[in-house]
Amino acid sequence: NGPGYPIILMPFVLLNLTWFTARLLNAFFLFGTIICFYQTLRIYINQRHAFYISFFMGMYPPMMREVYLLLTEPVTFFLISAFILCFCRYYNDKMNKYYLFLSSGILAFLALTKVLFGYVILAGLILSLIMFIWKRTPLFKKNVLVYLLAFILCLPWLYYTYSLTGNMFYWGNAGGTTLY
């Protein structure tokens, strides 16, 4: 894990709150996940179908298993669903710049929470750039912008890890676990 989840937990430490209070935050993250999932579905399908699919997704057992633990998974679920919502709105709404910055910021924070997503950013940036050079379509240009901005937002963390280790693109020290 990177510094994303400790940043979320910092106010609980500074205010000397119990870890039980921090665990309650997981319920809000999972509820936010369901809301973002529902809003994403509403872009593409009708309200009734989106409600039922979101309802059943909310009862997904692996998510319920994480609610009472102080782990990064509820935050990760939320960030993934929020990123997908903002990314889809970036393509479908007129307020492109707002959703560009929001989706890039969420993706960067996701990479700082689960370092595996740092490599997703790099792979997405490289593939989108290749596709943009090859096809020259606005779709791939938008992809390049999202991934590039997310990567730029992660540069302070990468600079910090480089200053400690001397390794470029050193997102975390999980090694094989990150690959798994």
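If you're wondering where the values come from, they're calculated on a predicted model, not measured in any experiment.

Here we look at the packing of helix 2 (residues 19-44) against helix 5 (residues 73-92)
To describe two helices that pack against each other, one gives the angle between their axes and the distance between the axes. Contact pair helix 2 / helix 5: the axes reach a minimum separation of 8 Å and the direction vectors enclose 25 degrees. Considering the angle they form, helix 2 stands roughly parallel to helix 5. Regarding helix 2 and helix 5, the two cross each other, and that crossing is left-handed. Where helix 2 abuts helix 5, its residues Asn 26, Phe 29, Leu 30, Gly 32, Thr 33, Cys 36, Phe 37, Gln 39, Thr 40, Ile 43 and Tyr 44 lie against Pro 74, Val 75, Phe 77, Phe 78, Ser 81, Ala 82, Ile 84, Leu 85, Cys 88, Arg 89 and Asn 92.

Brief notes about a nonpolar patch on the surface
Taken together, the side chains of Ile 7, Met 10, Leu 14, Leu 15 and Leu 17 make up a nonpolar region of the molecular surface, amounting to roughly 510 Å² of accessible area. With respect to the helices and strands, the residue Ile 7 is situated in helix 1 (residues 4-14).

A few points about the side chain of Thr 40
With respect to the helices and strands, the residue Thr 40 is situated in helix 2. Leave out the neighbours within four places in its chain, and Thr 40 touches Ser 81, Ile 84, Leu 85 and Cys 88.

Observations regarding the environment of Tyr 38
Within the element layout of this structure, Tyr 38 appears in helix 2. By relative accessible area, Tyr 38 is classed as buried at 17%. Placed 93 residues apart in sequence, Tyr 38 and Met 131 show a C-alpha to C-alpha distance of 30 Å. When sequence neighbours within four positions are dropped, the list of residues in contact with Tyr 38 reads Gln 47, Ala 50, Phe 51 and Ser 54.

Looking at unusual backbone geometry
At Asn 16, a position not held by glycine, the phi torsion is positive, near 55 degrees. One non-glycine residue, Arg 136, lies in positive phi territory at about 60 degrees.

A look at the confidence of the model for the chain
Detailed reading of the predicted model is not advised wherever pLDDT is low. Averaged over every residue, the pLDDT of the chain is 88; residues scoring 70 or more account for 96%. Averaged pLDDT values for the elements of the chain fall to 56 in helix 9 (residues 176-179) and rise to 94 in helix 6 (residues 96-113).

Brief notes about the pattern of salt bridges
For the structure shown, the criterion picks out one salt bridge. Lys 114 is the partner of Glu 73 in a salt bridge, and the nearest nitrogen-oxygen pair spans 3.0 Å. In this pair, Glu 73 sits in helix 5 while Lys 114 sits in the loop between helix 6 and helix 7 (116-135), placing the two residues 41 residues apart along the sequence. Taking the relative accessible area as the measure of exposure, Glu 73 reaches 25% and is therefore partly exposed.

Concerning the packing of helix 7 against helix 8 (residues 138-165)
It is at 8 Å that the axes of helix 7 and helix 8 come closest, and there the two elements cross at 150 degrees. The two elements helix 7 and helix 8 meet at a crossing, and its hand is left-handed. Contact residues: helix 7 offers Val 120, Ile 121, Leu 122, Gly 124, Leu 125, Ser 128, Leu 129, Met 131, Phe 132 and Lys 135, while helix 8 offers Phe 140, Lys 141, Asn 143, Val 144, Tyr 147, Leu 148, Ala 150, Phe 151 and Cys 154. Classifying every residue of the contact of helix 7 with helix 8 by side-chain character gives 14 nonpolar, three polar and two charged.

A few points about the side chain of Thr 113
When you line up the elements, Thr 113 lands in helix 6. One polar contact links the side chain of Thr 113 to the main-chain carbonyl oxygen of Phe 109, over a distance of 2.8 Å. For Thr 113, the residues in contact, after removing those within four places along its chain, are Asn 1, Gly 2, Gly 4, Tyr 5, Thr 72, Val 75, Thr 76 and Leu 79.

Cut-offs used in this document
- Residues numbered from 1 in each chain as written.
- Predicted model: local features only at pLDDT ≥ 70, side-chain atom pairs only at ≥ 80, totals over all residues.
- Heavy atoms only, no water.
- Axes fitted to C-alpha atoms, helices over the stretch in contact; angles between N-to-C directions.
- Helix = DSSP H or I, 4+ residues; strand = E, 2+ residues; numbered from the N terminus.
- Parallel < 35°, antiparallel > 145°, perpendicular 65-115°, else oblique.
- Left-handed = near helix turned anticlockwise from the far one by under 90°.
- Contact = heavy atoms within 4.5 Å.
- Patch = residues over 30% accessible without salt bridge, like charges linked within 9 Å, V, L, I, M, F, W, Y side chains within 5 Å.
- Areas by Shrake-Rupley, 256 points an atom, 1.4 Å probe, with all protein chains shown as cover.
- Salt bridge = Lys/Arg side-chain N within 4 Å of Asp/Glu carboxyl O.
- Buried < 20%, exposed > 50% of the residue type's maximum accessible area, 1.4 Å probe, protein only.
- pLDDT = per-residue confidence, 0-100.
- Nonpolar A, V, L, I, M, F, W, Y, C, P; charged D, E, K, R; others polar.
- Polar contact = N/O pair within 3.5 Å; in protein donor to acceptor, adjacent residues only side chain to side chain.

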